[in-house]
There are 2 protein chains.
Amino acid sequence: MGKTKRQMNLNVFIMNAGHHEAAWRRTDTQAERITDIRYFQRLAEIAEQAKFDSLFLADILAVGKNVQHGVSSFGLEPFTLLSALAAVTERIGLIGTVSTTYNEPFHVARKFASLDHISQGRAGWNIVTSGNEIEAGNFGREGHLEHRKRYERAREFLEVAKGLWDSFEEDAIIIDRDTGQFTDSTKVHALNHAGPHFRVKGPLNVPRSPQGYPVLVQAGSSEDGKEFAAEHAEAIFTAQQTLEEAQSFYSDVKSRLAKYGRHPDELKILPGICTIIGATESEAKEKEQELNELTIPAYGLNQLSSMLKVDLSGLPLDGPLPELPNIEAINGNKSRFQLVVDLARRDNLTIRQLIHRLAGGRGHRTFAGTAVQVADQLEEWFTQGGSDGFNVMPPYLPGGLEDFAAQVVPELQRRGLFRTEYAGRTLREHYGLKRPVNPYAARPLVSRLAGC
Amino acid sequence: MGKTKRQMNLNVFIMNAGHHEAAWRRTDTQAERITDIRYFQRLAEIAEQAKFDSLFLADILAVGKNVQHGVSSFGLEPFTLLSALAAVTERIGLIGTVSTTYNEPFHVARKFASLDHISQGRAGWNIVTSGNEIEAGNFGREGHLEHRKRYERAREFLEVAKGLWDSFEEDAIIIDRDTGQFTDSTKVHALNHAGPHFRVKGPLNVPRSPQGYPVLVQAGSSEDGKEFAAEHAEAIFTAQQTLEEAQSFYSDVKSRLAKYGRHPDELKILPGICTIIGATESEAKEKEQELNELTIPAYGLNQLSSMLKVDLSGLPLDGPLPELPNIEAINGNKSRFQLVVDLARRDNLTIRQLIHRLAGGRGHRTFAGTAVQVADQLEEWFTQGGSDGFNVMPPYLPGGLEDFAAQVVPELQRRGLFRTEYAGRTLREHYGLKRPVNPYAARPLVSRLAGC
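Definitions and cut-offs
Residues numbered from 1 in each chain as written. Chains lettered and ligands numbered in written order. Predicted model: local features only at pLDDT ≥ 70, side-chain atom pairs only at ≥ 80, totals over all residues. Heavy atoms only, no water. Helix = DSSP H or I, 4+ residues; strand = E, 2+ residues; numbered from the N terminus. Rg over C-alpha atoms; globule rule 2.2 N^0.38 Å. Buried < 20%, exposed > 50% of the residue type's maximum accessible area, 1.4 Å probe, protein only. Contact = heavy atoms within 4.5 Å. Areas by Shrake-Rupley, 256 points an atom, 1.4 Å probe, with all protein chains shown as cover. Lys, Arg positive; Asp, Glu negative; His and termini not counted. Charge placed at Lys NZ, Arg CZ, Asp CG, Glu CD. Buried area = accessible area lost by both parts, 1.4 Å probe. Salt bridge = Lys/Arg side-chain N within 4 Å of Asp/Glu carboxyl O. Nonpolar A, V, L, I, M, F, W, Y, C, P; charged D, E, K, R; others polar. Least-squares fit on C-alpha atoms with pLDDT ≥ 70 in both. Expected span 1.5 Å × (residues − 1). Arc of directions from axis to C-beta. Axes fitted to C-alpha atoms, helices over the stretch in contact; angles between N-to-C directions. Parallel < 35°, antiparallel > 145°, perpendicular 65-115°, else oblique. Left-handed = near helix turned anticlockwise from the far one by under 90°. Phe/Tyr/Trp six-rings, centres within 6.5 Å; stacked < 30°, edge-to-face > 60°. UniProt positions renumbered as here; feature names shortened; annotations may be inferred. Polar contact = N/O pair within 3.5 Å; in protein donor to acceptor, adjacent residues only side chain to side chain. Pairing = 2+ DSSP bridges. Right-handed = clockwise from strand over helix to strand, strands pointing away. Core = buried A, V, L, I, M, F, W, Y, C linked by side-chain atoms within 4.5 Å.

With that out of the way, let us pick up the overall build of chain A. Helix and strand content of chain A: 16 helices and 13 strands. Since a compact globule built from 452 residues should have a radius of gyration of about 22 Å, the 22 Å found for chain A is in line with a globular shape. In terms of overall dimensions, chain A has a C-alpha envelope of 75 × 55 × 45 Å along the principal axes. Across the 452 residues in chain A, those meeting the buried criterion constitute 64%. For chain A, long-range pairs separated by at least 24 residues make up 77% of all intrachain contacts whose partners lie at least 6 apart in sequence. If you sum the accessible surface of chain A, you get close to 16700 Å²; carbon and sulfur atoms cover 49% of it. Within chain A, one finds 52 positive and 57 negative side-chain charges whose respective centroids are separated by 3 Å.

To continue, consider the interface of chain B and chain A. Contacts between the two partners involve 76 residues from chain B and, on the opposite side, 76 residues from chain A. Roughly 6100 Å² is buried in total at the junction of chain B and chain A, and carbon and sulfur atoms are behind 57% of that figure. When the area that chain B buries against chain A is broken down by residue, the three leading residues are B:Arg177, B:Phe182 and B:Arg199, summing to 13%. The tally of links between chain B and chain A comes to 4 salt bridges. B:Glu32 is the salt-bridge partner of A:Arg177, the closest N and O atoms lying 2.8 Å from each other. Listing elements by their share of the side of chain B that touches chain A, those giving two or more residues are helix H1 (37-49), helix H2 (78-86), helix H3 (105-118), strand S5 (173-176), strand S6 (181-183) and strand S8 (199-200) of chain B. Counting residues per element, the side of chain B that touches chain A draws most heavily on H3(B), at 8 residues. Per-class residue counts for the side of chain B that touches chain A are 33 nonpolar, 27 polar and 16 charged.

We now examine the pattern of salt bridges. Here the structure, examined in full by the defined rule, presents 72 salt bridges over all chains. Across the pair B:Arg26 and B:Asp28 runs a salt bridge, and its minimum N-O distance is 2.9 Å. Taken together, the salt bridges that share partners define one network made up of A:Glu223, A:Lys226, A:Glu227, A:Asp252, A:Arg256 and A:Lys259.

On to the relation of the copies chain B and chain A, then. With an RMSD of 0.0 Å, chain B superimposes on chain A once it is rotated by 180° and translated 0.0 Å along the axis. The two molecules are tied by a two-fold rotation axis, judged by turn and shift. Among all residues of chain B, the minimum C-alpha distance to the rotation axis is found for B:Ala84, at 2.1 Å. A high fraction, 100%, of the interface residues of chain B reappear at the interface in chain A, so the copies pair face to face through one surface.

All names here are of chain B. With 13 residues, helix H12 (residues 371-383) extends 18 Å between its outermost C-alpha atoms, agreeing within 8% with the 18 Å of an ideal straight helix rising 1.5 Å per residue. Looking at H12, one finds that the buried residues are Ala-371, Val-374, Ala-375, Gln-377, Leu-378, Trp-381 and Phe-382. Down the axis, H12 shows its buried residues gathered within 160° of arc, on one side only. Taken together, the buried residues of H12 touch helix H7 (243-255), strand S11 (268-277), strand S12 (365-369), strand S13 (389-392) and helix H13 (399-414).

Let's shift gears to the packing of H12(B) against H13(B). When two helices pack together, their arrangement is given by the angle between the helix axes and by the axis-to-axis distance. All names here are of chain B. Between H12 and H13, the shortest axis-to-axis distance is 9 Å and the interhelical angle comes to 50°. Compared by their axis directions, H12 and H13 come out oblique. Of the two elements, H12 crosses H13, and the hand of that crossing is right-handed. Residues Ala-371, Val-372, Val-374, Ala-375 and Leu-378 of H12 touch H13, and the partners they reach there are Phe-404, Gln-407, Val-408, Glu-411 and Leu-412. Within the contact of H12 with H13, the residues separate by chemical class into 8 nonpolar, 1 polar and 1 charged.

Time to look at the packing of aromatic side chains. Applying the stated criterion across every chain, the model contains 32 aromatic pairs over all chains. Ring centres of A:Phe182 and B:Trp24 lie 4.9 Å apart, and the angle between their planes is 90°; on these two criteria the pair is classed as edge-to-face. Linking A:Phe182 in strand S6 (residues 181-183) with B:Trp24 in the loop between strand S1 (9-13) and H1, this pair reaches from one chain into another. For the pair A:Phe182 and B:Trp24, a shared accessibility class is recorded, and that class is buried. Ring plane angle 85° and centroid distance 5.5 Å describe the contact between B:Phe157 and B:Phe198, whose orientation is recorded as edge-to-face.

Mapped onto the present numbering, the UniProt feature "domain: Luciferase-like" (unreviewed entry) falls on residues 27-385 of chain A. Helix makes up 40% of residues 27-385 of chain A and strand makes up 14%, while its end C-alpha atoms are separated by 39 Å.

Its location among the elements puts B:Gln303 in helix H9 (residues 297-308). Setting aside anything within four residues of it in sequence, one finds B:Gln303 in contact with B:Glu21, B:Asn66 and B:Arg362.

Quick look at the side chain of B:Glu77 now. Along the polypeptide, B:Glu77 turns up in the loop between strand S2 (54-57) and H2. The buried charged residue B:Glu77 lacks any salt bridge, with A:Arg110 as its nearest oppositely charged partner at 4.4 Å. Of note is the side chain of B:Glu77, whose polar atom sits 3.2 Å from the backbone nitrogen of B:Phe79. Among residues more than four places away in sequence, those in contact with B:Glu77 are A:Arg110, A:Lys111 and A:Ser114.

All names here are of chain A. Side-chain alternation along strand S10 (residues 235-238) places Ala-235 and Phe-237 on one buried face and Ile-236 and Thr-238 on a second face that is also buried. In this sheet, S10 lies alongside strand S9 (residues 215-218) in parallel orientation, the contact comprising 2 bridges. Note that in S10 the partner of Val-217 across the bridge is Ala-235. Pairing of S10 with strand S11 (residues 268-277) involves 4 bridges; the strand directions are parallel. Bridge assignment links Ile-236 to a residue of S11, and that residue is Ile-269. Taken together, S10, helix H7 (residues 243-256) and S11 constitute a β-α-β crossover, and its handedness is right-handed.

Ranked by size, the top nonpolar core spans 156 residues in total, and within it A:Phe52, A:Trp125, B:Phe52 and B:Trp125 carry the most contacts. Not counting residues within four places of it along the chain, the set of residues in contact with A:Phe52 comprises A:Leu10, A:Asn11, A:Val12, A:Ala47, A:Ile92, A:Val392, A:Leu401, A:Phe404, A:Val409, A:Phe418, A:Arg419 and A:Tyr422. B:Leu308, B:Leu324, B:Phe337 and B:Leu354 belong to the second largest nonpolar core, which has 22 residues in total.

Another point: the environment of B:Gly278. Structurally, B:Gly278 is set in the loop between S11 and helix H8 (281-293). Apart from the residues lying within four places of it in its own chain, the contact partners of B:Gly278 are B:Glu283, B:Ala284, B:Gly369, B:Thr370 and B:Ala371.

What follows concerns the packing of helix H1 (residues 37-49) of chain A against helix H2 (residues 78-86) of chain A. All names here are of chain A. Relative orientation of the contacting elements H1 and H2 amounts to 60°, with a least axis distance of 10 Å. The orientation of H1 relative to H2 falls into the category oblique. In the crossing of H1 with H2, the sense of the turn from one axis to the other is right-handed. For the pair formed by H1 and H2, the contact residues are Ile-37, Phe-40, Gln-41 and Ala-44 on the first element and Leu-81, Ala-84 and Leu-85 on the second. For the contact of H1 with H2, a count of residues per class yields 6 nonpolar, 1 polar and no charged.

Now the structure itself:
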């Protein structure tokens with residue numbers, strides 16, 4: 001029975017000193033080591049020992065305004081970091097964020113195919129369209145591409161990437177030393193893509209990788225984002241504050257898959273949760289309180305101004321939010337904007353209270369309690385149609401991850417809700433996802449011989 | 001005396017199954033493992049144990065025409081591979097090729113800064129402008145950018161990259177937990193570059209890396225290439241067939257540095273050499289002969305056609321080269337074109353003979369002999385004003401590298417011509433290069449306070 005019980009997928013979202021914006025001020029964090037690969041190796045090791053499905057690195061292509069008081073907007077380039085981690089881990093999936101707005105599909109397809117080879121099938125791509133106008137200035141763009149346009153580009157980008165990943169059929173490499181045939185060139189395919197955003201001839205210069213495609217992840221929860229996820233994504237990182245919101249998001253997104261000929265299980269929904277764990281509930285709440293007291297108001301105000309696209313500086317911290325723009329006017333992270341507005345209204349929060357509520361997870365749910373209480377929460381969401389697993393966001397590192405690994409994971413395992421050993425080798429196997437079939441290989445032999 | 005004797009720098013140029021185009025047909029090569037990171041880890045380990053300064057990976061952004069009989073134009077993406085190697089090596093420098101024609105400076109500056117952190121100061125960038133028209137088709141370009149334009153773009157690209165690497169002063173990161181100051185924001189600098197090819201605001205989102213800048217390497221030997229190298233490069237990979245050519249190139253390039261305010265020692269000149277090593281001279285020559293007999297004429301013809309920008313297919317292999325275009329008409333690797341033409345004329349070679357002469361090093365010098373003879377050759381070039389060291393190109397792997405490491409390196413060490421231990425930690429230290437001073441930090445305090 002334990003074997004057939006549905007189990008959750010757990011991803012750990014690693015961010016420098018931790019997700020809480022004041023994490024680095026705790027003396028037990030290692031903010032001095034954010035450019036030290038051994039620091040990240042140790043975090044990956046902890047997560048792998050706990051049998052996490054994957055670890056994930058976000059990305060932003062610019063230094064934010066908050067450089068003075070925070071550490072979230074600079075550090076190592078995530079893809080370079082993931083590749084270094086691939087060399088020193090064996091089982092855990094490695095998911096990196098790469099923007100479709102500021103990159104070329106040939107480069108991106110190529111590096112994910114390489115990472116998939118290097119990690120022996122553990123690569124995942126969190127596809128983002130870049131919601132932040134300051135990134136445009138680093139790539140010669142005057143302004144920020146409009147929301148819908150970014151998704152159009154993302155769709156075509158992904159179509160090109162998939163085409164490139166199909167360049168080499170599985171058995172294209174022969175290596176026949178006697179005849180001198182290295183490759184069966186009839187099994188290496190050009191793409192000749194010509195679309196509104198890209199013209200790419202191909203073929204990709206990387207042989208078919210262990211997973212075929214990296215696991216495709218998506219993190220936007222706007223209408224455009226949900227539709228994109230339903231069509232293409234295999235996992236989705238999302239921010240939901242309550243079980244009701246999570247259920248509604250879950251059924252909404254899952255119901256959209258059918259029209260793309262996909263089964264609901266082909267997309268795993270993983271809400272983020274920032275877990276503050278204590279030996280007792282009151283210890284956990286105190287820890288949360290201490291972290292919130294370490295926040296710098298100017299930092300939180302900047303973050304909040306950026307999420308709400310309104311300059312809040314100068315407003316009284318203990319007063320309410322001002323008049324806000326309409327969501328239609330938001331050309332950034334639309335769903336995060338809505339979430340923050342809803343949260344402030346629902347609980348009638350002052351600006352300071354809102355900053356504290358957002359300090360741990362920037363809109364992702366924060367929960368402080370014992371390991372058993374955390375496990376209860378996860379179980380409830382997982383069994384009540386709110387999620388397929390979670391995007392675990394340790395508030396501070398390495399401690400917050402160590403606590404989760406040592407206390408919450410064993411509790412979930414005791415309940416039969418999480419694996420005790422990796423069953424598979426690849427990230428697709430961890431997530432229970434199909435390996436894509438190469439469309440060239442899928443053609444019947446007759447049409448292949450006819451060159452169709 | 002041994003301590004002060006001038007020593008050579010040795011780079012190993014790693015290419016899939018080896019540099020000889022027929023290497024993969026030898027049964028002792030591991031062509032099956034060209035997407036296996038452990039294969040490259042092992043090669044890096046051999047090179048590091050032999051105290052090589054660095055290992056180098058070339059790059060091309062397209063699958064060549066020769067996919068059927070060769071393995072040189074596909075495999076792992078080099079930067080992803082280097083980052084994975086950084087995690088499992090400790091001393092050897094890691095040099096990767098990245099094109100300035102098909103990339104954005106923000107991405108490139110960022111990933112080299114990250115690699116430099118991850119490797120603790122061992123990153124090097126081989127700056128290329130992409131000489132191959134088939135690459136254009138993978139990036140939406142109809143045609144190939146003209147030779148001089150590519151170098152103009154490269155100059156501006158490098159100016160932007162250097163500006164970005166200077167974004168964070170050395171002491172910009174404070175991490176004062178008491179006051180909540182993570183960064184001294186007066187020491188993080190925007191760039192606001194606006195030029196004909198790029199507009200980049202900055203700052204870079206990576207703190208200053210151990211080497212300041214990666215070691216800057218260049219490999220083109222045309223007039224544009226030599227001038228670019230004299231202005232910017234700290235090491236140059238070059239192809240020279242004879243000592244006289246090497247001496248002439250060496251003095252030509254070194255003499256160009258003064259006008260950029262640079263000392264000749266700030267640029268290391270490393271001609272390529274493909275070494276075929278045997279226990280006796282005749283064994284080495286036989287090995288060379290065997291490798292040449294394994295070449296596939298169609299493959300060599302394709303390679304030669306591509307270097308000479310002329311379609312040679314259908315011409316008799318045992319006849320002479322046809323009429324060739326003038327070098328002014330070559331929009332690719334101009335210096336390689338000239339080298340091949342000179343080689344064919346000087347030795348009055350048939351097409352087949354020329355293919356064999358190019359099979360080992362594609363224009364780089366090939367030398368077959370005993371380890372002592374190889375060391376003699378290297379010593380002669382090094383002491384007679386032909387080079388500062390060498391770009392060692394093993395004809396087949398891992399054997400060709402093992403032979404060089406086990407036989408030639410100890411011979412060079414016995415002669416006091418090569419280190420027996422790494423003296424430094426960073427690639428700059430291995431090559432004896434200065435660490436660049438951050439221009440912001442170099443300003444006197446008074447002008448800094450005045451905000452100049």
